[in-house]
Amino acid sequence: MSLIVGLASVVLILSILQDAFETVVLPRRVSRRFRLAHLLFRVSWWLWRRPAHLVRTAARREYFLSLYGPLSLLFLLVIWAVGLISGFALLQWSLGAAMHAPERQTSLSTLFYFSGTTFFTLGLGDIAPAAGLPRLVTVIEAGTGFGFLALVLSYLPVIYQAFSRREASIAQLDAHAGSPPSALELLRRHARGEQFPELVRLLREWERWAAELLESHLSYPVLLYYRSQHERQSWLAALTTLLDTCALIIAYLDDLPAQTAWFTFAIARHAAVDLAQIFDVKPRSAEADRLVGEERARLLAGLEDLGLSASPEREQRLTELRTLYEPFVQSLARRLEMTLPAWAPTKVIDDWQTSPWEHLAANLDGLAWQRKMLKLQHQFEAIKPGAQSPGETSAEPE
């Protein structure tokens, strides 16, 4: 019996150390299916998201879901620590460790207490191994605990630095594509004043963002559960908007370099496919189409306003591009309980235009906000050096 318990404890210790190494240190995605961290995230997320459906208010539901990311990371670290402490305690028991302890007999609870104080390097000295192999195991556990604590202290800053970089770019997208972001709004804002060179530069920046998203979230999958700090924004919505925009540019715009859009589309689609593979979710079928009915009519009307005429060939090209990524983002949205952006939103209110005191007014008169900001933009362009004087400007925009 002691031999079986000893072997089981050694297997437990080595399994946890391997899982911690693959999760924190190893800079690549592990394809092995059975992993403690993967199993923990999958089961705990399934249990966490169930009560979220009972929350009726969208803001409260989003807040409840946002708690899972940080809590799951802390829970994982606790599970690792408890597993290692239990493994070393059972190993000491299997060795028949004789302890110098206040109790006359060394019980299993005493060994767990001794293992915990040794693992966290407390050094209380009230319990100590008598001699022999238990002393070596105690030294090994103390070294393991010291290394584990150092690993945790280095792991948390890396996680939050990657999260901060991701969110900084998502916050910048607010002014470019609205909140929530949409492909049509992104094209509309960059079509004003012939700002297409700015759109090309933006696509190149977001090509790098998609590459960083792919690298960081493959290395640290817990970041997938970290939700954005601002309402109506998420990394999945930003990635989907990027794919939608590239698809529209490739299908409808002939004035922009199509190769730039293709490069950005390729890395963004790569990120969507690989991140869906992490969750081991199959791509959803085309039954949940985002571009049907009124949504399709609004998109076509918006493209016509931009001077982009629709044709069966262009629509077919857009459909072929959408089939390359839609099933994957749909599966991610379903698993993560995130909302995908619309192609052509009915009302656009940017987060920077609102505040706790202006939120209601902005929602009631969003069009007035847009007209006001457009008017200020024209006034600013009129007073720039080299521009026309205010008396020579054209008619004021509606």
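Residues numbered from 1 in each chain as written. Predicted model: local features only at pLDDT ≥ 70, side-chain atom pairs only at ≥ 80, totals over all residues. Heavy atoms only, no water.

## Digging into the overall build of the protein
Moving on, step 1. What the protein contains, in helices and strands, is 15 helices and two strands.
Moving on, step 2. Expressed as a percentage of the 398 residues in the protein, the buried residues total 45%.
Moving on, step 3. The long-range fraction of contacts in the protein, counting pairs at least 24 apart against all pairs at least 6 apart in sequence, stands at 76%.
Moving on, step 4. Accessible area of the protein: about 21400 Å², with a carbon and sulfur share of 61%. (Helix = DSSP H or I, 4+ residues; strand = E, 2+ residues; numbered from the N terminus. Buried < 20%, exposed > 50% of the residue type's maximum accessible area, 1.4 Å probe, protein only. Contact = heavy atoms within 4.5 Å. Areas by Shrake-Rupley, 256 points an atom, 1.4 Å probe, with all protein chains shown as cover.)

## Details of the side chain of Thr 240
Moving on, step 1. With respect to the helices and strands, Thr 240 occurs in helix α9 (residues 235–252).
Moving on, step 2. A polar contact is formed between the side chain of Thr 240 and the backbone oxygen of Leu 236, at a distance of 2.8 Å.
Moving on, step 3. Other than its neighbours up to four places away in sequence, Thr 240 contacts Arg 290, Val 329, Leu 340 and Pro 341. (Polar contact = N/O pair within 3.5 Å; in protein donor to acceptor, adjacent residues only side chain to side chain.)

## Things to note about helix α4 (residues 68–94)
Moving on, step 1. Relative to the 39 Å expected for 27 residues at 1.5 Å per residue, α4 spans 38 Å between its end C-alpha atoms, a close match to the ideal helical length.
Moving on, step 2. Looking at the residues trailing α4, positive phi occurs at Gly 96, about 65 degrees. (Expected span 1.5 Å × (residues − 1).)

## Details of the packing of aromatic side chains
Moving on, step 1. Counted according to the given criterion, the structure contains 15 aromatic pairs.
Moving on, step 2. Aromatic side chains Tyr 68 and Tyr 225 sit 5.0 Å apart centroid to centroid with 70 degrees between the ring planes, which places their arrangement in the edge-to-face category. Separated by 157 residues along the polypeptide, Tyr 68 in helix α4 and Tyr 225 in the loop between α8 (196–219) and α9 bring together distant segments of the chain. For the pair formed by Tyr 68 and Tyr 225, the shared burial category is buried. (Phe/Tyr/Trp six-rings, centres within 6.5 Å; stacked < 30°, edge-to-face > 60°.)

## Side note on the environment of Trp 45
Moving on, step 1. Along the chain, the position of Trp 45 falls in helix α2 (residues 36–52).
Moving on, step 2. Spatially, the C-alpha atoms of Trp 45 and Tyr 225 are 8.9 Å apart, while their sequence positions differ by 180 residues.
Moving on, step 3. Apart from the residues lying within four places of it in its own chain, the contact partners of Trp 45 are Leu 65, Tyr 68, Tyr 225, Arg 227, Arg 335, Leu 336 and Glu 337.

## Here's the deal with the pattern of salt bridges
Moving on, step 1. Summed over the entire model, instances satisfying the criterion amount to 14 salt bridges.
Moving on, step 2. Residue Glu 294 pairs with Arg 298 through a salt bridge whose shortest N-O separation is 3.9 Å. Of this pair, Glu 294 and Arg 298 both sit in helix α11 (residues 294–305), four residues apart, which is roughly one turn of the helix.
Moving on, step 3. Each of Asp 244, Asp 289, Arg 290, Arg 322 and Glu 326 takes part in one network of salt bridges that share partners. (Salt bridge = Lys/Arg side-chain N within 4 Å of Asp/Glu carboxyl O.)

## Topic: the nonpolar core
Moving on, step 1. In terms of nonpolar packing, the biggest core is built from 95 residues, with Trp 235, Leu 239, Leu 248 and Tyr 252 touching the most fellow members.
Moving on, step 2. Looking at this core element by element, the count peaks at 13 residues for α9.
Moving on, step 3. What Leu 239 contacts, discounting residues up to four positions off in sequence, is Trp 209, Leu 213, Ala 268, Ala 271 and Ala 272. (Core = buried A, V, L, I, M, F, W, Y, C linked by side-chain atoms within 4.5 Å.)

## Notes on the confidence of the model for the protein
Moving on, step 1. Residues with a pLDDT of 70 or more make up 83% of the protein, whose mean pLDDT is 82.
Moving on, step 2. At the level of individual helices and strands, the protein shows its lowest average pLDDT in helix α14 (residues 359–364), which scores 47, and its highest in α9, which scores 93.
Moving on, step 3. Taken as a whole, residues 360–365 scores under 50 in pLDDT and shows six contacts with residues more than four places along the chain or in a different chain.
Moving on, step 4. For residues 384–398, every residue scores under 50 in pLDDT, and the model assigns this stretch nine contacts once sequence neighbours within four places are set aside. (pLDDT = per-residue confidence, 0-100.)

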